[in-house]
Amino acid sequence: MGTYFEWVADLDATEADARELGQRVVDALVARGVLLPEVSQDAALGGVGHPPGPAWADTLAVSVAGAVSGEAPWGMAVGVGREVYDGGRGGVDAVTCPRCSVRRSFFGPPEEFGPTCSDEDGLRWFYDAAAAWREGGVGGGDGDGDGDGDGAVDLVCRECGAASPVTQWSADDAALACLGFTFWSWGELRPEVTDWIAEATGGHRIVHGSGKV
């Protein structure tokens, strides 16, 4: 079975301003009737979140009848601090080098990716660096991405050979961010929802994905 969720991440929020920006987003969604201002242990999976407001269905890309469930969702949890947002099961499909713009795919046909249809080494390469950044590492260093305490949380592009901080790579269906919003048991969000969040953050770059746990 599992639990579906939608996530929205702010790529420009810093650790210093994430909490304030998160509250601004909550206030904006409360004003629209999407959320309630209080928090509840029953609104998020494994944490607290804001329950849905009376206008929660206005966020859905499809009608309530066509959503995952016709019932009201759990709610929205605000994530403050470094986090990796993805599909919940290591679901990043590909990453793109910020230097040469070459895209490295992690999934594909067996003739290219073997019987698992996945690049397991590539997934570890990305997620090890992402985990090291999440635990406090910084970009710039020896470029090995090993998170061994030397401050290096870089990825080395196999195409151009350049080492770039993992946070500068663009990821398909994933994001590394200091501020994120998880809509638990929500249906697919309308594009306007990311516009509302971008407006509340002052025009930050906002990305959106979905997943299941």
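Above this text you will find the structure in question.
Residues numbered from 1 in each chain as written. Predicted model: local features only at pLDDT ≥ 70, side-chain atom pairs only at ≥ 80, totals over all residues. Heavy atoms only, no water.

Undergrad: Could you give an account of the sheet that holds strand S10 (residues 175-184), naming the residues involved and the relevant values?
TA: Taken in spatial order, the four strands make up an open sheet running S4-S10-S1-S11, and their pairing is antiparallel. Single-partner strands in this sheet number two, and they are strand S4 (75-85) and strand S11 (206-212). Strand after strand, the sheet turns through a mean of 25° between neighbouring axes, direction not considered. Alignment of S4 against S10, held across nine bridges, turns out to be antiparallel. When the bridges of S10 are listed, Glu83 appears paired with Ala177. Strands in contact with helix H4 (residues 191-200) are strand S1 (4-10), S10 and S11; relative to S11, the strand with the most contacts, it is inclined by about 130°. (Pairing = 2+ DSSP bridges. Helix = DSSP H or I, 4+ residues; strand = E, 2+ residues; numbered from the N terminus. Axes fitted to C-alpha atoms, helices over the stretch in contact; angles between N-to-C directions. Contact = heavy atoms within 4.5 Å.)

Undergrad: Give me the sheet that holds strand S9 (residues 170-172): which residues, what numbers.
TA: The three strands are arranged S6-S5-S9 in an open sheet whose pairing can be described as antiparallel. Of all strands in the sheet, those bounded by a partner on one side alone are strand S6 (103-105) and S9. Ignoring which end each strand starts from, the neighbouring axes of this sheet average 20° apart. Bridge count between strand S5 (residues 94-96) and S6: three bridges; the pairing is antiparallel. Opposite Val95, over in S6, you have Arg104 as the bridge partner.

Undergrad: Which residues make up the pattern of salt bridges, and what are the values?
TA: Per the counting criterion, the structure on display carries eight salt bridges. Measuring nitrogen to oxygen at the nearest pair gives 2.6 Å for the salt bridge that ties Asp172 to Arg103. With Asp172 in strand S9 and Arg103 in strand S6, the pair connects residues that are 69 residues apart, well separated along the chain. Notably, a salt bridge pairs Glu135 with Arg134, separated by 3.9 Å at the nearest N-O pair. Sharing partners across several salt bridges, the network here consists of Glu83, Arg134 and Glu135. (Salt bridge = Lys/Arg side-chain N within 4 Å of Asp/Glu carboxyl O.)

Undergrad: Tell me about the side chain of His204, and name the residues and values.
TA: On the secondary structure map, His204 appears in the loop between H4 and S11. One polar contact links His204 to Asp10, side chain to side chain, over a distance of 2.8 Å. Residues in contact with His204, not counting those within four places in the same chain, are Asp10, Asp12, Ala13, Leu21 and Ala198. (Polar contact = N/O pair within 3.5 Å; in protein donor to acceptor, adjacent residues only side chain to side chain.)

Undergrad: Mind laying out the packing of aromatic side chains, listing which residues take part and the relevant values?
TA: According to the stated counting rule, one finds seven aromatic pairs in the structure shown. Aromatic pair Phe106 and Trp125: ring centres 6.5 Å apart, planes at 70°, arrangement edge-to-face. On the criterion of sequence distance, the pair formed by Phe106 in the loop between S6 and helix H2 (110-113) and Trp125 in helix H3 (residues 120-134) is long-range, its members being 19 residues apart. Seen in terms of ring centroids, Phe183 and Trp186 are 5.1 Å apart; in terms of plane orientation they differ by 80°. Their pairing is edge-to-face. Here Phe183 matches Trp186 in class, with each residue buried. Over the aromatic face of Trp125 sits the side chain of Arg104, whose NZ or CZ is 4.5 Å from the ring centroid. (Phe/Tyr/Trp six-rings, centres within 6.5 Å; stacked < 30°, edge-to-face > 60°. Buried < 20%, exposed > 50% of the residue type's maximum accessible area, 1.4 Å probe, protein only. Lys NZ or Arg CZ within 6 Å of the ring centre and 35° of its normal.)

Undergrad: An account of the environment of Val26 is needed here, citing residue identities and associated values.
TA: Note on placement: Val26 falls in helix H1 (residues 18-31). When its relative accessible area of 3% is taken as the criterion, Val26 is described as buried. In this structure, the C-alpha to C-alpha distance between Val26 and Phe181, residues 155 residues apart in sequence, is 9.5 Å.

Undergrad: I'd love a proper account of H4, names of residues and values included.
TA: Listed in full, the buried residues belonging to H4 are Val193, Thr194, Trp196, Ile197, Ala198 and Ala200. For H4, the elements touching its buried residues are S1, H1, S10 and S11.

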